[in-house]
Amino acid sequence: MEAKLLRVDLTTGEIRTEILPHSLFERWVGGSGINDWILWEHFQRHDIMCDPRGPDNIFIFGIGPVAGTGSGIGVKGRITFKSPEYGHFADSAGGGKFPYMVRFTGYDHIAVTGKAPKPVYLHICNDEVTICDASHLWGKNTSETHTLLREELGDYPSEAHTLTIGPAGENLVGMSGVVSDGWRIYARGGGGCVMGSKNLKAIVVQGNKGVKIARPQDLLRWADGFRQKIDANEAGYGFKRRGTLGAVEMYQKIGGNFWRNNQGVLFCGDEVRSDNWVKKFHKYSEVCSSDCFVACDGRYKIEGHESPQANRYVGESFRHPEYLTTASGAGALDLRDWADVAHWGKITNELGLDNQDLSCSIGFITELAQRELISPKDIEELFGRPLKLEWGNMEVIEEIVEGVAYQKNLFGQLFRDGAYYGALNFSQRKGENFMKYAIYGKGGASFTEELRAYPTWMNNMAVASRGADHLKGIGLIEKFQRKDLSKAYFGRPEAADLKTPLLKGACTHVIENQVALINSYGVCIFHWLLDVLGYAPESYYGEAYAAVTGIDKTKEERMRDGERICNLEKAFNSLIGMRREHDTICERWMYEPCPEGPWKGRVAADTFDTVLDEYYEWRGWDQQTGLQTRSKLEELGLEDVAEVLAREKALIEDGGKRSVQVSIPTAGIEKMAK
Amino acid sequence: MITIRAEYQARFREITKVPEETLQLEQPLVSELARIITEKYGPRMLALLIDPETNDLNNKGTLFLDSKGQRIYIDDTLEDGEVITFMVGIAGG
């Protein structure tokens, strides 16, 4: 297995190609693993404490070896950078056709550094790479930019596929994402801001090269078996139509939704808590990539009669909202009409904004208004005019969203890096502490699901290397109460038992390693969630990876690969000074009792430290500081990383190799049992 | 004889074509409930509800909860008046 890395320095205009050797894949798998290594190496030569909005930051796109091979597991590309929003490691994923079209140009990874003197886009047409003027695109939204680039570049050797930023990225808004083909956002961490800081409006790819497969017959056999398993999966039929929107009803039942800045856990609008999306709005099912056996994507077109608000958007057509678009719109902001929720998804994509951090920023200020903690004068000062801040008012919300994207007013400026930093800025400005109303986890990242009943998820929010998020360690053994999987991984059922904190940190450890593998293979996480063969990407996905790359490993070795990748991301954050105290969550999640639903009364604080201790123990990290240990890094073959950390006093010297001894914690059980 | 209420979400509701129904069980067992539902709704429900490898309720991509929010298993007993919700388990997005 070999692949090509394209390096582009926008300051000098230098473009060069490097070969990524087989040994790199043996160590870092591909996709996000190799992205992480490129990031790590970059910051061995540049100051890791640099301004992430400055030219020393690096923007990396990467795609794993299994993507675009016909395996049918879907495709996910990954961007990696130092976050301008949270200040630490960040990455974000997106599907669609852009990622595998990158492979068809002959490149698997793209690394952009420096800063162009004026707006540019990067055009990669097979081996021909050009830095092009983008002054005519600057100011356009992501859909417009995609359309213009397609028209401009024609359809030879293939249609153009794009990765673009919107006005939010151009205006260096921290919570800005990048959008592929105009409608699939890589939302988290501020990748749009990094591209904007480099005056890079877009990356455009056109290619018609093939992808090399080490053992094509093995891959064909594997793909055929996988297709049959997907087709026989009856639960998958519902998922094909709803995508992640199927979670709305389920979360309503289990008390997992997020309402009005998490003052509640249940959606209140009859429309948005029903299955009416599928009945009324869903018009077309689509395959997001050509390499997917599920096809959960879809498009809506509003005709005007579907709901009371639909007449505001007659003719509007866009990608259907996913669950978190709904959780942020219908939940965090209490939009009660599907047409408004769909429009919320569309405008945040087109302006290039992360709807998690954005909705919690708007939710924060709306809750202050609801509680009469801010005056009409404060509101006028924030928004430049009198504004009626109220839940579920889409006209007001749209005005606020544009204010953030275009940095039109004080609110947009204070909250450009999300709810945590916005709340800090606002509290300092007012001389009063409002932080208890800000929703965030690690790094200040926001997330719009109710989590207090779910210790693994709460732990995910505190430790995820890219800041609070579910897609690094998605705790499904716990949420779906899968005792079979708990027994399979831990020999006992407690990871699936919501009444005990036992094995919840262990669960984060295992699933983070698995997710790191999935992200490095370059495939979609949702095929895994459908669970056709148990949650075990290290075995059955690993076989597809082996057929593509020729890299044969045992499942234990593959889990080590995932663990190695997680440890590299952790090392990045340790280098910039993150310690145990940064693995935390907001006051509302920690101390305010869950207000309603089946888990009413739960607070995270009862089990938080117990679960975090257990997580560090399973990770082989130091419980007191949260830092990595030399023994763990050496066990993973990361002696070089350990040396860097040791030089910066960010490593616990524990006397060399040791066998991992894991014990089961007992604290906190009594409180949860109540 | 006990009476339970079955609630159906997503794919389950597409098969049953009703969001909920009341069912009477001669034996207060989850296995009895599964037998009644699969007989009533046919092979698609059988494929969704029962794992052919284990003959237990299908764990994969599904979530079946009682009124206390606990996942139910084929050997569990049921109380009169229990509410069982049949869901497709999904997250993320």
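Keep in mind that this is a model prediction, so the values were computed, not measured. Sequence order sets the numbering: in each chain, residues are counted from 1 along the sequence as written. Throughout, the order in which chains and ligands are written sets their labels, letters from A for the former and numbers from 1 for the latter. Residue-level local features of this predicted model are given only where pLDDT is at least 70; pairs of side-chain atoms are given and counted only at 80 or more, and the full residue set underlies all totals for whole chains, interfaces and linings.

A few points about the sheet that holds strand β2 (residues 20-25) of chain B
Residue and element names in this part refer to chain B.
Link 1 in the chain: The rule for pairing is simple: two strands pair if DSSP sees at least two bridges between them. For the purposes of this entry, the term helix denotes a DSSP run of H or I that reaches at least four residues, the term strand denotes a run of E that reaches at least two, and both are numbered from the N terminus. Read across the open sheet, the four strands follow the order β2-β1-β4-β3; overall the sheet is mixed. Whereas interior strands pair on both sides, the edge strands pair on one side only; in this sheet they are β2 and β3 (62-65). Geometrically, the sheet is characterised by an average inter-axis angle of 20° between neighbouring strands, direction not taken into account.
Link 2 in the chain: Examined bridge by bridge, strand β1 (residues 2-8) and β2 share six bridges and lie antiparallel to one another. Its bridge partner lying in β2, T3 is registered against Q24.
Link 3 in the chain: Working definition of a contact: two residues with C-beta atoms, positioned from the backbone, lying within 7 Å. Think of each axis as a best-fit line through the C-alpha atoms, taken over the contacting stretch in the case of a helix, with angles from 0 to 180 degrees between the N-to-C directions. The strands that helix α2 (residues 30-49) touches are β1, β2, β3 and β4 (83-88); relative to β2, the one it contacts most, it runs at about 130°.

Some points on the domain arrangement of chain A
Residues and elements named next belong to chain A.
Link 1 in the chain: Note that domain bounds follow an automatic or database assignment of domains. For chain A, the assigned domains read domain 1 (3-206), domain 2 (233-444) and domain 3 (486-521 + 553-673).
Link 2 in the chain: Here domain 1 and domain 3 have C-alpha centroids that lie 30 Å from each other.
Link 3 in the chain: At the junction of the two partners, domain 1 supplies 21 residues and domain 3 supplies 15 residues.
Link 4 in the chain: Breaking the side of domain 1 that touches domain 3 down by element, the ones donating at least two residues are α2 (31-45) and β5 (89-94).
Link 5 in the chain: Here the side of domain 1 that touches domain 3 takes eight residues from α2, the largest share from any one element.
Link 6 in the chain: Counted by class, the side of domain 1 that touches domain 3 contains eleven nonpolar, seven polar and three charged residues. Each residue is assigned to one of three groups, with Ala, Val, Leu, Ile, Met, Phe, Trp, Tyr, Cys and Pro labelled nonpolar, Asp, Glu, Lys and Arg labelled charged, and all others, Gly among them, labelled polar.

As for unusual backbone geometry
Residues and elements named next belong to chain A.
Link 1 in the chain: In this chain, Y156 is followed by P157 through a cis amide linkage whose omega measures 5°.
Link 2 in the chain: Its identity is not glycine, yet N262 carries a phi of approximately 65°, on the positive side.
Link 3 in the chain: Along the chain, N262 turns up in the loop between α9 (246-254) and α10 (276-281).
Link 4 in the chain: Field definition: a residue is buried when 20 or more other C-beta atoms are found within 10 Å of its C-beta, exposed when 12 or fewer are, and partly exposed for counts in between, with C-beta atoms placed from the backbone. Judged by C-beta crowding, with 28 C-beta atoms within 10 Å, N262 ranks as buried.
Link 5 in the chain: Unusually for a residue other than glycine, Q407 sits at a positive phi of about 55°.
Link 6 in the chain: Mapped onto the elements, Q407 comes out in the loop between α15 (394-405) and α16 (410-414).

Here's the deal with the packing of helix α7 (residues 216-231) of chain A against helix α23 (residues 540-549) of chain A
Residue and element names in this part refer to chain A.
Link 1 in the chain: Here α7 crosses α23 at 155°, and the two axes come no closer than 8 Å. With respect to α23, the element α7 is oriented roughly antiparallel. You can see that α7 and α23 cross each other, and the crossing is left-handed. Mapping the contact onto sequence places D218, L219 and W222 in α7 and E543, A544, A547 and V548 in α23. Relative orientations are named as follows: roughly parallel for angles under 35 degrees, roughly antiparallel for angles over 145 degrees, roughly perpendicular for angles from 65 to 115 degrees, and oblique for any other angle. It is the rotation of the near helix from the far one that decides the hand of a crossing: anticlockwise by less than a right angle makes it left-handed, clockwise makes it right-handed.

Details of the interface of chain A and chain B
Link 1 in the chain: Every contact between the two is made by 34 residues of chain A and, on the other side, 22 residues of chain B.
Link 2 in the chain: Looking at the side of chain A that touches chain B, the elements with two or more residues in it are α8 (234-242), α9, α11 (323-332), α19 (476-479) and α22 (525-530) of chain A.
Link 3 in the chain: Among the residues making up the side of chain A that touches chain B, the classes are represented as 18 nonpolar, seven polar and nine charged.

Description of the sheet that holds strand β15 (residues 317-319) of chain A
Residue and element names in this part refer to chain A.
Link 1 in the chain: The strand order across the open sheet built from three strands is β13-β14-β15, with neighbouring strands paired in antiparallel fashion. A strand with exactly one partner marks an edge of an open sheet, and here the two such strands are β13 (282-286) and β15. In this sheet, neighbouring strand axes are inclined to one another by 25° on average, regardless of whether the strands run parallel or antiparallel.
Link 2 in the chain: Here four bridges tie β13 to strand β14 (residues 297-301), and the two strands are oriented antiparallel to one another.

Points about helix α28 (residues 639-647) of chain A
Residue and element names in this part refer to chain A.
Link 1 in the chain: Along α28, the positions that sit buried rather than exposed are V641, A642 and L645. In a view along the axis of α28, the buried residues occupy a sector of 100°, so they form one face of it. Turned more than 90 degrees from where α28 packs its buried face, E639, D640 and R647 sit exposed.
Link 2 in the chain: Looking at the buried positions of α28, the neighbouring elements they touch are α24 (555-575) and α27 (630-635).
Link 3 in the chain: Note on α28: the residue one or two positions beyond its end, K649, has a positive phi of about 55°. Each direction from the helix axis to a C-beta atom contributes to the arc, which is the arc of those directions.

Some points on helix α21 (residues 504-521) of chain A
Residues and elements named next belong to chain A.
Link 1 in the chain: For α21, which comprises 18 residues, the first-to-last C-alpha distance of 26 Å matches the rise-based estimate of 26 Å (1.5 Å per residue) to within 8%.
Link 2 in the chain: Within α21, 18 of the 18 residues are buried, leaving the element largely enclosed by the surrounding structure.
Link 3 in the chain: Just past α21, the residue G522 takes up positive phi, approximately 90°. Expected span of a helix, by definition, is 1.5 Å for each gap between consecutive residues, and there is one gap fewer than residues.

Regarding the pairing of strand β3 (residues 59-63) of chain A
Residue and element names in this part refer to chain A.
Link 1 in the chain: For β3, the buried fraction is high: five of the five residues fall into the buried class.
Link 2 in the chain: Where burial is concerned, the two faces of β3 agree: the one with F59, F61 and I63 and the one with I60 and G62 are both buried.
Link 3 in the chain: Inspection of the sheet shows β3 paired to strand β6 (residues 109-113) by four bridges, in the antiparallel sense. In the sheet register, I60 faces β6, and the bridge partner there is A111.
Link 4 in the chain: Where β3 and strand β4 (residues 77-82) come together, four bridges link them in antiparallel fashion.

As for the confidence of the model for chain A
Link 1 in the chain: Chain-level statistics for chain A give a pLDDT mean of 94 and a share of 97% at 70 or above.
Link 2 in the chain: Every residue in residues 661-674 of chain A is under pLDDT 50, and counting partners more than four places away or in other chains gives 22 contacts. Scored from 0 to 100, pLDDT records how confident the predictor is in each individual residue.

Points about the pairing of strand β9 (residues 161-164) of chain A
Put simply, side chains in a regular strand alternate between the two faces of the sheet.
Residues and elements named next belong to chain A.
Link 1 in the chain: Burial along β9 is two-sided: H161 and L163 and T162 and T164, pointing in opposite directions, are all buried.
Link 2 in the chain: Sheet analysis places β9 next to strand β12 (residues 200-206), joined by four bridges and oriented antiparallel. Looking across to β12, one finds that T164 is bridged to A202.

A closer look at the packing of α11 of chain A against helix α12 (residues 338-351) of chain A
Helices that pack against each other are described as a pair by the angle of their axes relative to one another and the distance between those axes.
Residue and element names in this part refer to chain A.
Link 1 in the chain: Interhelical geometry of α11 versus α12 gives an angle of 120° and a closest axis separation of 9 Å. Taken as axis vectors, α11 and α12 run oblique relative to one another. Seen along the crossing, α11 lies across α12 with a hand that is right-handed. Each of T325, T326, G329 and A330 in α11 lies in contact with α12, whose residues at this interface are D340, V341, W344 and G345.
Link 2 in the chain: Of the residues assigned to the contact of α11 with α12, the class counts are three nonpolar, four polar and one charged.

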